[in-house]
Amino acid sequence: MTTQCLGCRQVTFVFEPDMVCAPCQRLLPDLNQRLRERFAVQGPGSSEGMACVGCGFGERIPHMAQVVACPHCTGDLAIAQDDFPREGMFLSCPSCGGSVRIPPTVWCPDCGLNFRRKGIADLVREANA
């Protein structure tokens, strides 16, 4: 059984079979105690194989691209993840020729392997204000 964030619906926790009632799929009433005991014995566990909360992927995704509106003319700018340096960059808008700063904050703040899942257009707009 998994639980999701109420806002973005990203899976945030995976419950083991011994924490859930098999017939009704509800959490067992003594779940907190079970978790305390498990943590005391096994530690916090591992998030290996789980999707990153920031970008939604479990590994680097090659050839990912984002399209954002130019803050000067609203023309489209394509940002290719494979060619994007970690320190950010400036692009020339193909529609108006204006210089557009793409900030390094477009990278996922949690894993740093991929672009963020949401908010890139806002970050570009703020960087060019």
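Once a new chain begins, its residue numbering starts again from 1 and follows that chain's sequence as written. Residues qualify for local features only when their pLDDT is at least 70, as the model is predicted, and side-chain atom pairs are given and counted only at 80 or more; totals for whole chains, interfaces and linings, by contrast, use all residues. Water and hydrogen atoms were dropped before computing side-chain values, which therefore reflect all heavy atoms in the structure.

### Brief notes about the overall build of the protein
1) Next: Per the convention used, a helix needs a DSSP run of H or I reaching at least four residues, while a strand needs a run of E reaching at least two, with both numbered from the N terminus. Summing up its helical and strand segments, the protein has two helices and six strands in all.
2) Next: Helices and strands appear in the protein in the N-to-C order β-β-α-β-β-β-β-α.
3) Next: Here's how the labels work: a residue is buried when its accessible area is under 20% of the maximum for its type, exposed when over 50%, partly exposed in between, all with a 1.4 Å probe on protein chains only. Across the 129 residues in the protein, those meeting the buried criterion constitute 25%.
4) Next: Within the protein, counting contacts between residues at least 6 apart in sequence, those at least 24 apart form 34% of the total.
5) Next: Split by element, the accessible area of the protein, about 8500 Å² in all, is 54% carbon and sulfur. We call two residues contacting when some pair of their heavy atoms lies within 4.5 Å. The protein chains shown are the only cover counted for residues, whose accessible areas, like all others here, come from Shrake-Rupley with a 1.4 Å probe.

### Re the nonpolar core
1) Next: Side-chain atoms within 4.5 Å link the members of a nonpolar core, which is a set of buried Ala, Val, Leu, Ile, Met, Phe, Trp, Tyr and Cys residues. Of all hydrophobic cores here, the largest spans 16 residues; its most connected members are Leu77, Ile79, Phe84, Val100, Ile102, Val106 and Phe115.
2) Next: Sorting the residues of this core by element identifies strand E4 (76–80), strand E6 (99–102) and helix H2 (120–127) as the ones contributing at least two each.
3) Next: If one sorts the elements of this core by residue count, H2 sits on top with three residues.

### Points about the pattern of salt bridges
1) Next: Any carboxyl oxygen of Asp or Glu that lies within 4 Å of a side-chain nitrogen of Lys or Arg is treated as forming a salt bridge with it. Evaluation of the coordinates by the stated rule reveals three salt bridges.
2) Next: The shortest N-O distance in the salt bridge between Arg60 and Asp82 comes to 2.9 Å. Of this pair, Arg60 sits in the loop between helix H1 (31–42) and strand E3 (65–69) while Asp82 sits in the loop between E4 and strand E5 (89–92); the two residues are 22 residues apart in sequence, bridging distant segments of the chain.
3) Next: A residue is classified by how much of its surface remains accessible, and Arg60, at 36% relative accessible area, is partly exposed.
4) Next: Owing to a relative accessible area of 35%, Asp82 belongs among the partly exposed residues under this scheme.
5) Next: For Asp122, the salt bridge identified is with Arg125, shortest N-O distance 2.2 Å. Taken together, the residues Asp122 and Arg125, both in helix H2 and three residues apart, mark about one turn of the helix.

### Here's the deal with the side chain of Asn114
1) Next: On the secondary structure map, Asn114 appears in the loop between E6 and H2.
2) Next: Counting of polar contacts relies on pairs of N or O atoms within 3.5 Å, with two restrictions inside protein: one atom must be capable of donating a hydrogen and the other of accepting it, and residues adjacent in sequence are counted only when both atoms are side-chain atoms. In this structure the side chain of Asn114 is engaged in a polar contact, spanning 3.1 Å, whose partner is the side chain of Gln81.
3) Next: Here Asn114 is in contact with Cys55, Phe57, Glu59, Arg60, Ile61, Met64, Gln81, Trp107 and Cys108, once residues within four sequence places are set aside.

### Let's talk about the confidence of the model for the protein
1) Next: Taken residue by residue, the protein gives an average pLDDT of 83. The fraction at 70 or more is 84%.
2) Next: Here pLDDT means the predictor's own confidence in every residue, given as a number from 0 to 100. Predicted confidence in the protein is weakest over strand E2 (residues 11–14), with a mean pLDDT of 64, and strongest over E6, with 94.

### Here we look at the side chain of Gln81
1) Next: Counting through the fold element by element, Gln81 comes out in the loop between E4 and E5.
2) Next: The class for Gln81 is buried, based on a relative accessible area of 1%.
3) Next: Side-chain polar atoms of Gln81 contact the backbone oxygen of Ile61, separated by 2.9 Å.
4) Next: If near-sequence neighbours (up to four positions away) are discounted, Gln81 is found in contact with Arg60, Ile61, Met64, Trp107, Leu113, Asn114 and Phe115.

### Section: the packing of aromatic side chains
1) Next: Working definition: rings of Phe, Tyr and Trp (its six-membered ring) pair if their centres are within 6.5 Å, and the pair is stacked with planes under 30 degrees apart, edge-to-face with planes over 60 apart, and tilted otherwise. Tallied over the full model, the rule gives three aromatic pairs.
2) Next: For the ring pair Trp107 and Phe115, a centre distance of 5.3 Å and an interplane angle of 50° mean the geometry is tilted. Taken as a pair, Trp107 and Phe115 share a single burial class, namely buried.
3) Next: By the ring-pair criterion, three or more aromatic residues cluster together here, those being Phe84, Trp107 and Phe115.

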